[in-house]
Amino acid sequence: MINYIIQLLLFQTLFLAVYDLFLQKETFFKWNRIYLLATPILSFIIPLLRFEGIQKSVPQNYIVYMPEVVLNPQIYIEKSVSLETGFNIFPIIFYVGIALFTIIFLVRLTIILKLILTNKKIKNDNYTLIVLTKKQSAFSFFNYIFINSHLLKNQDLQIIQHELVHCKQKHTLDLLYFELLKIVLWFNPLVYVYQKRITLLHEYISDAEVVKESDKQTYFNKLLAEAFNVENISFINQFFKHSLIKKRIVMITKEKSQKMKQLKYLLIAPLLLGMLVYSSCTDELNDELLEMETVLSQSNDYSQGKYFDFEVGKTYVGNSILIGRYLDINEYTSKEKELHNKFNNLDGSFFDYIVILDENNERVNWLRPKSKIGSNEVDWEYVEGEPVPFALIENVPIFPGCEGTQEELKTCLQENITNHISANFNSDLAKGLGLMKGKI
């Protein structure tokens, strides 16, 4: 999940960078609106996509570095085999944040509904005017246009025309769309940036429509002459927002962009390709870790002293001896070396990562639990009649030629027995006996 969120934030940052650098100052307002509405959704979808063709087309030496953004797999594994059941506060914070921002949204929505119900209404064919007496505001919400009474008396029709464009083009739906994203991704600052960009774009669109039927100079004067106490509500279209007035005037005076500049939108093609390459290559390693995490989360818990043997796909976890040839570290692929370093070179790791070439010349990833002898990390008690896990034998048998510590003797014994079985036993006989593959 954390890997997914990291990719989501990264992709949204890249999309916004392209918009700010190349598209924001152009007058292709409709295309920009589509871009701002579509790219947040693409940021959600792209991390979920994985194309094997892209994985195979990328040189292996490049794939090595892409998993670096993946959350340390040791954290995944230790979470599953933790000696103590920890209290994870992050899901609680996440849902509390959603609840809080939902309440804020509902409060602001209630303010709008209260204004509609308590003020004078003037109905027209396509919209309804809400005449405000106390608030010096001008804004719209769906087909409701809120305007101060003194503006209505002065017949400031340009303000009404401006807000009517918001109503006709359903700009409120855009803002509510980002309000929903703000609730779900309340921790993501980029959603707020997106909403500011599209709010300004809405003003550009409405200004462009109004100045088609009126004098630009008069419209400028109208923007500069009035000052309003605008509502602090992010999902309404405000006629006057002081921070946007200068940008709106600059855009009104700007000449229409040449059609040739629409080619800038082609920049999204290499950007999308790069994102797909990134997500496809990182997901390969992430899937491997998730597969291992799934195995470790089974009911037989290593942390409770219950040793287990599971096989999922080509990932094996357990202490039983596997049939096959132990590969040297130099024979590992780049991804396998990455996993080896993650599991074997960290202090406090619960597992050794080993790669075996089985009887069918297929590679098997083996997570072998390390021995916890001499520590109180594993609380295992012998029950008469049950087998003793090999990892708990203090004085292991010594295979001829093996030397070193107890751990080294165990590893040497397992490797030699495995090689002997692989060379002298027909493992295909197990199929006819209904035995699980790779186990004796």
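Residues numbered from 1 in each chain as written. Predicted model: local features only at pLDDT ≥ 70, side-chain atom pairs only at ≥ 80, totals over all residues. Heavy atoms only, no water.

Asks: Teacher, can you tell me more about helix α10 (residues 189-211) here?
Replies: Each turn of an α-helix holds 3.6 residues, which means side chains three or four residues apart point in the same direction. Over its 23 residues, α10 extends 34 Å from the first C-alpha to the last, a length consistent with the 33 Å expected when each residue adds 1.5 Å. With a side-chain oxygen lying 3.0 Å from the backbone nitrogen of Leu 190, the N-terminal cap of α10 falls on Asn 188. (Helix = DSSP H or I, 4+ residues; strand = E, 2+ residues; numbered from the N terminus. Expected span 1.5 Å × (residues − 1). Polar contact = N/O pair within 3.5 Å; in protein donor to acceptor, adjacent residues only side chain to side chain.)

Asks: Got a minute to help me understand the environment of Gln 262 in this structure?
Replies: Turning to its location among the elements, Gln 262 is positioned in the loop between α12 (242-253) and α13 (268-296). Classification of Gln 262 as partly exposed rests on a relative accessible area of 34%. Between the C-alpha atom of Gln 262 and that of Phe 28, which follows or precedes it by 234 residues, the distance is 7.8 Å. Dropping the residues within four chain positions of it, Gln 262 is found in contact with Phe 28 and Trp 31. (Buried < 20%, exposed > 50% of the residue type's maximum accessible area, 1.4 Å probe, protein only. Contact = heavy atoms within 4.5 Å.)

Asks: What exactly am I supposed to notice about helix α2 (residues 29-45) here?
Replies: The first and last C-alpha atoms of α2 sit 25 Å apart over 17 residues, in line with the 24 Å expected at 1.5 Å per residue. At Ala 38, α2 shows its maximal kink, close to 30°; a proline, Pro 40, follows between one and four residues later. Looking only at α2, the buried set comprises Phe 29, Asn 32, Arg 33, Tyr 35, Leu 36, Thr 39, Pro 40 and Ser 43. (Bend = angle between axes of the 7 residues up to and from the residue.)

Asks: Looking at this structure, I do not really get the packing of helix α9 (residues 171-184) against α10. What am I missing?
Replies: Each pair of packed helices can be summarised by the angle the axes make with each other and by the distance between the axes. Interaxial distance between α9 and α10 falls to 10 Å at its minimum, and their mutual angle equals 175°. With respect to α10, the element α9 is oriented roughly antiparallel. Only Val 191, Tyr 192, Tyr 194, Gln 195, Ile 198, Thr 199, His 202, Ile 205 and Ser 206 of α10 make contact with α9, whose side of the interface consists of His 171, Asp 174, Leu 175, Phe 178, Glu 179, Leu 181 and Lys 182. (Axes fitted to C-alpha atoms, helices over the stretch in contact; angles between N-to-C directions. Parallel < 35°, antiparallel > 145°, perpendicular 65-115°, else oblique.)

Asks: Looking at this model, I keep getting lost on the pairing of strand β3 (residues 138-141). Mind explaining?
Replies: In regular strands, side chains alternate between the two faces of the sheet. Side chains Ala 138 and Ser 140 project from β3 onto one buried face, and the interleaved Phe 139 and Phe 141 project onto a second face that is buried too. Examined bridge by bridge, β3 and strand β4 (residues 144-148) share 4 bridges and lie antiparallel to one another. Opposite Phe 139, over in β4, you have Phe 146 as the bridge partner. Where β3 folds back on β4, the antiparallel hairpin that results is connected by 2 residues, among which Phe 142 adopts a positive phi of roughly 55°. (Pairing = 2+ DSSP bridges.)

Asks: Which parts of the structure should I look at to understand the state of the cysteines?
Replies: Two cysteines form a disulfide when their sulfur atoms are joined by a covalent bond. On inspection of all chains with the given rule, the structure shows 1 disulfide. Each disulfide pairs two cysteine sulfurs, and for Cys 402 the partner residue is Cys 412, the sulfurs being separated by 1.9 Å. Looking down the S-S bond of the Cys 402 and Cys 412 bridge, the torsion is -75°, so its handedness is left-handed. Highlighted residues: Cys 402 in the loop between β10 (363-369) and α15 (406-424) and Cys 412 in helix α15, separated in sequence by 10 residues. (Disulfide = S-S within 2.5 Å.)

Asks: Whenever I open this one, unusual backbone geometry confuses me. Can you help?
Replies: A negative phi angle characterises most non-glycine residues, just as the trans form characterises most peptide bonds. Positive phi outside glycine occurs at Phe 142, with the angle close to 55°. For Phe 142, the location among the structural elements is in the loop between β3 and β4. Notably, Lys 170 is not glycine yet its phi reads approximately 60°, a positive angle. Considering the arrangement of structural elements, one finds Lys 170 in the loop between α8 (157-168) and α9.

Asks: What am I meant to see in the packing of aromatic side chains here?
Replies: Within a pair of aromatic rings, the relevant descriptors are the distance that separates the centres and the angle that separates the planes. Taken as a whole and assessed by the stated rule, the structure comprises 14 aromatic pairs. Relative to Phe 187, the ring of Phe 94 has its centre 6.2 Å away and its plane inclined at 55°; by these criteria the two rings are tilted. With a gap of 93 residues between them, Phe 94 in helix α6 (residues 90-118) and Phe 187 in the loop between α9 and α10 connect regions that are remote in the sequence. Of the residues examined, Phe 187 reaches a relative accessible area of 33% and is grouped as partly exposed. Measuring from centroid to centroid gives 4.9 Å for Phe 141 and Phe 142, while their planes differ by 80°, and the two rings are edge-to-face. Overall, Phe 142 belongs to the partly exposed group, its relative accessible area being 32%. (Phe/Tyr/Trp six-rings, centres within 6.5 Å; stacked < 30°, edge-to-face > 60°.)

Asks: So what exactly am I meant to see when it comes to the nonpolar core here?
Replies: Inside soluble globular proteins, nonpolar side chains tend to come together where they are buried. By size, the foremost hydrophobic cluster in this structure holds 32 residues, and its most contacted members are Phe 15, Tyr 35, Leu 36 and Leu 201. For this core, the elements supplying multiple residues, two or more each, are α1 (2-23), α2, α9, α10, α12 and α13. Looking at this core, the element that brings in the most residues is α10, giving 8 residues. Sequence-distant contacts of Leu 36, that is, excluding residues within four places in its chain, are made with Tyr 19, Phe 178, Tyr 194, Arg 197, Ile 198 and Leu 201. (Core = buried A, V, L, I, M, F, W, Y, C linked by side-chain atoms within 4.5 Å.)

Asks: Sorry if this is basic, but what is going on with the side chain of Ser 43 here?
Replies: Within the secondary structure layout, Ser 43 lies in helix α2. Residue classification places Ser 43 among the buried positions, given a relative accessible area of 0%. Here Thr 39 takes part through its backbone oxygen, which lies 2.9 Å from a polar atom of the side chain of Ser 43. Non-local contacts of Ser 43, meaning those with residues more than four positions away in its chain, are made with Leu 8, Phe 11, Gln 12 and Phe 15.

Asks: How do you make sense of the environment of Leu 48 when you look at a structure like this?
Replies: Along the chain, Leu 48 falls in the loop between α2 and α3 (52-57). Put simply, Leu 48 and Gln 7 are 41 residues apart on the chain and 9.9 Å apart in space, counted from C-alpha to C-alpha.

Asks: Would you take a moment to explain the pairing of β4 for this structure?
Replies: A large share of β4 lies buried, amounting to 4 of its 5 residues. Sheet topology note: the strand β2 (residues 128-132)/β4 ladder contains 5 bridges and is parallel. Within β4, the position partnered with Ile 130 by the bridge is Phe 146.

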